[in-house]
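# Report on the structure
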Amino acid sequence: MSNVTLEKRVVISFRDIYPRLTTTYASHGMYYYPARFIPQVVRFFIDKYTKEQEWIIDPFAGSGTVGVEALMTNRNAICIDLNPVIEPLLKAKTYLPDWCPDRYFNLKDAPIYKPKWSRIKDWYPQEFLEILEKMWGVYYENPHPLVLIALFKVSRRFSFADDQVPKIFRSKKKKSEIEEMLKKGNYEKMILEFFEKALKDVYKASMEFKRYYRGGTCIAKGGIDIVNYELDREVNHLLTSPPYGMAHEYIRSFKLELAWLGYDDKQIRNLGKLEIPYRPEETIPKIDIQSDTYEKFYKRIEEKNPKIVKVYEKYFTSVLGVFERLGKRIIDYIGIFVGNASFSGISPPYDQIFIEHLENCGFEHITTYVDVIKSRKLFRKRKNASPNGIETESLVILKAKR
Ligand SMILES: C[S@@+](CC[C@H](N)C(=O)[O-])C[C@H]1O[C@@H](n2cnc3c(N)ncnc32)[C@H](O)[C@@H]1O
């Protein structure tokens, strides 16, 4: 790392700056999402680098943390993600009316909603699936953003998918939990009671969001492949946390939710094929990566594992391509929050590679904030001392030279 870059590194604890904010305050914890931003990082960027009413884009917006924080600080946000779930998530997390139905389900003579995804039957005991199909049938007759999130929770809880593991995975533990539930009988009552409790929690989070809401607009766009996306307007700032190198498979994790939203096998498969970095090379526009650090680590990873170097190349071509292209539309600041996840045991300094390339695309490196918190809850109930080999996380700040 050059001396100039080193001098610009500041050690910080985002959580200590905002001791009153928790990672799940307001509507942030309404529904789980892997590798979610800690809201304090977003708040820090907004407070320090943006003004009221300005626009912020997050091209890898996930569960929409940037959108929620924007509306709580009177900024506007554009939140884009490949995962279509971002749209209902943000709709619920930023829902403003007070109204929420308390007695929602009467399953007598309820219409039936059958997901198109062919594997749905593998994920539920028939007894539960029949009840869920009725609940979703009633929902689609009279949709409501908060009810949808509570239904997502119910549809996970009564499935064979382990609640603690982000990708859909059948664990022995969950199988025996389901067997216990099946022994109890009176399934409809059990499921409806769970739903009511889930809806109460969602409603509480929504009310908390409303207390903090200060104004602004949040546009959520799901199902978008940002690697081939052109922004048709200028935006003041970009703030994001891109996927990690050997990344999590987000679409795979959300198959159940996507199925209940109406996605079929082909649609789910096609979305999964666009995820960074696993997508086919020919779907990634070529760019000239201008970073000596990238080259140095390319050689090291190639020597160790020639197969993994392809993933490394696809990852940086995709992510740097997005920053380069969207960067042309950014008026002021770019903030990138990233950790040094490893490629086959070698951890390239992502922040340094981003800085070097963007310095060649009209940006000046201002500061890198290195978070002293060495652990982050990437997944529910799993606090990782070093998730995916990540030891520190940093927020890189760059400014457009205009
Ligand atoms: C680290 S997560 C972002 C989490 C987000 N900061 C939050 O607070 O929830 C990275 C995101 O990149 C998205 N992603 C992966 N490939 C993508 C692509 N080709 N186009 C758009 N988004 C993509 C994933 O769906 C995932 O939500």
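Residues numbered from 1 in each chain as written. Predicted model: local features only at pLDDT ≥ 70, side-chain atom pairs only at ≥ 80, totals over all residues.

## What to know about the overall build of the protein
Put simply, the rule is: Helix and strand labels come from DSSP, where a helix needs a run of H or I of at least four residues and a strand needs a run of E of at least two; each type is numbered from the N terminus. Computation of the radius of gyration draws on C-alpha atoms, with the globule rule given as 2.2 Å multiplied by the number of residues to the power 0.38. By definition, residues are in contact whenever their C-beta atoms, placed on the basis of the backbone, come within 7 Å of each other.
Within the protein, the secondary structure is distributed over 15 helices and 10 strands. In terms of C-alpha radius of gyration, the protein reaches 22 Å, essentially the compact-globule figure of 21 Å for 402 residues. With the C-alpha coordinates of the protein rotated into their principal frame, the extents come out at 70 × 50 × 40 Å. Counting only contacts in the protein whose residues sit at least 6 apart along the sequence, the fraction spanning at least 24 positions is 78%.

## Quick notes on the site of the ligand
As a reminder, the rule being used: For each residue, a C-beta atom is placed from the backbone, and the residue is labelled near a molecule or strand when this atom is within 6 Å of it. Throughout, the ten residues Ala, Val, Leu, Ile, Met, Phe, Trp, Tyr, Cys and Pro are labelled nonpolar, Asp, Glu, Lys and Arg are labelled charged, and all others, Gly among them, are labelled polar.
The ligand sits among 22 residues. The nearest are Phe37, Phe60, Gly62, Ser63 and Thr65. The residue makeup of the shell around the ligand, split by class, is 13 nonpolar, five polar and four charged.

## Digging into the packing of helix H14 (residues 306-327) against helix H15 (residues 350-359)
In plain terms, the rule: Lines fitted to C-alpha atoms define the axes, with helix axes restricted to the stretch in contact, and inter-axis angles between N-to-C directions lie between 0 and 180 degrees. What sets the label is the angle itself: under 35 degrees gives roughly parallel, over 145 gives roughly antiparallel, 65 to 115 gives roughly perpendicular, and the rest give oblique. Handedness of each helix crossing follows the sense of rotation of the near helix against the far helix: counterclockwise by less than a right angle gives left-handed, clockwise gives right-handed.
Axis separation between H14 and H15 bottoms out at 11 Å; the angle between their running directions is 40°. Here H14 lies oblique to H15, going by the angle between them. Remark: the crossing between H14 and H15 carries right-handed chirality. Contacts between H14 and H15 involve Phe316, Leu320, Phe323 and Gly327 on the former and, on the latter, Ile353, Phe354, His357 and Leu358. Taken together, the residues of the contact of H14 with H15 sort by class into six nonpolar, two polar and no charged.

## Considering the sheet that holds strand E2 (residues 55-58)
Selection criterion: Any two strands with at least two DSSP bridges between them are considered paired.
Taken together, the eight strands give an open sheet; going across it, the order is E1-E7-E10-E6-E5-E2-E3-E4, and neighbouring strands pair in mixed fashion. Edge positions in the open sheet fall to strand E1 (9-12) and strand E4 (218-221), since each of these has one partner strand only. Here the strands of the sheet are splayed against their neighbours by 20° on average, with no regard to which way each runs. The sheet contact formed by strand E5 (residues 237-240) and strand E6 (residues 333-339) spans three bridges and is parallel. Among the inter-strand pairings, Leu239 is bridged to a residue of E6, identified as Gly335. Helix H5 (residues 86-93) rests against strand E3 (76-80) and E4 of the sheet, and its axis sits at about 155° to E4.

## Brief notes about the confidence of the model for the protein
Caution applies to low-pLDDT regions: their predicted coordinates should not be interpreted in detail. Stated formally: Confidence per residue, as judged by the predictor, is encoded in pLDDT with a range of 0 to 100.
In this model, the protein carries a mean pLDDT of 92, and residues with pLDDT of at least 70 account for 94%. Within the model, the stretch residues 375-389 combines pLDDT values under 50 with 26 contacts to residues more than four positions away or in other chains.

## Some words on the pairing of E3
Worth spelling out the cut-off: With C-beta atoms placed from the backbone, a residue is labelled by how many other C-beta atoms lie within 10 Å of its own: buried for 20 or more, exposed for 12 or fewer, partly exposed between the two. For the handedness criterion, the strands are oriented away from the viewer, and a crossover whose path from the first strand over the helix to the second runs clockwise is classed as right-handed.
With five of its five residues buried, E3 lies for the most part within the structure. Residues Asn76, Ile78 and Ile80 line one face of E3 and the alternating positions Ala77 and Cys79 line the opposite face, and both faces are buried. Of the pairings in the sheet, the one linking E2 to E3 comprises four bridges and is parallel in character. Paired with Ile56 across the strands is Ala77, a residue of E3. Viewed along the sheet, the connection from E2 through helix H4 (residues 65-71) into E3 turns out right-handed. Pairing of E3 with E4, which is carried by four bridges, proceeds in the parallel orientation. Within E4, the residue paired with Cys79 across the bridge is Ala220.

## Examining the nonpolar core
Definition in use: A set of buried residues drawn from Ala, Val, Leu, Ile, Met, Phe, Trp, Tyr and Cys, joined through C-beta atoms within 7 Å, is what defines a nonpolar core. In this entry, domain limits derive from an automatic or database-based domain assignment.
Val41, Cys79, Leu146, Ile149, Ala150, Leu151 and Val202 are the most contacted members of the largest nonpolar core, which has 109 residues in total. Among the elements that make up this core, the one with the highest residue count is H14 (nine residues). When residues of this core are assigned to domains, at least three map to each of domain 1 (3-94 + 218-400) and domain 2 (120-211). When neighbours within four sequence positions are excluded, Cys79 is seen to be in contact with Asp58, Ala61, Gly64, Val66, Gly67, Ile86, Leu90, Cys218, Ile219 and Ala220.

## Topic: the domain arrangement of the protein
The domain architecture assigned to the protein consists of domain 1 (3-94 + 218-400) and domain 2 (120-211). Look at where the C-alpha atoms of domain 1 and domain 2 centre, and you get two points 29 Å apart. Tallying the contact residues gives 25 residues for domain 1 and 21 residues for domain 2. For the side of domain 1 that touches domain 2, the elements supplying multiple residues, two or more each, are H5, helix H10 (250-253) and helix H11 (255-260). The element best represented in the side of domain 1 that touches domain 2 is H11, accounting for five residues.

## Brief notes about the pairing of strand E7 (residues 363-371)
Relative to E7, E1 runs parallel, the two being bridged by four bridges. Looking at E7, one finds that Ile12 is bridged to Asp371. Pairing of E7 with strand E10 (residues 393-400) involves eight bridges; the strand directions are antiparallel. For His365, the partnering residue across the bridge sits in E10 and is Leu398.

## Points about unusual backbone geometry
Of note, the bond from Ile276 into Pro277 is cis; its omega dihedral lies within 30 degrees of zero at 5°. Along the chain, the position of Pro277 falls in the loop between helix H12 (265-272) and helix H13 (292-304). Residues other than glycine seldom take positive phi values, yet Ala26 does so here, at roughly 50°. Tracing the chain through its elements places Ala26 in the loop between helix H2 (14-17) and helix H3 (39-49). You can call Ala26 buried: it has 24 C-beta atoms within 10 Å.

## A closer look at helix H6 (residues 126-141)
The test is simple: Expected helix span is taken as 1.5 Å per residue step, with the number of steps being one fewer than the number of residues.
The first and last C-alpha atoms of H6 sit 23 Å apart over 16 residues, in line with the 22 Å expected at 1.5 Å per residue. Residues of H6 that are buried make contact with helix H7 (145-157), helix H9 (187-212) and H11.

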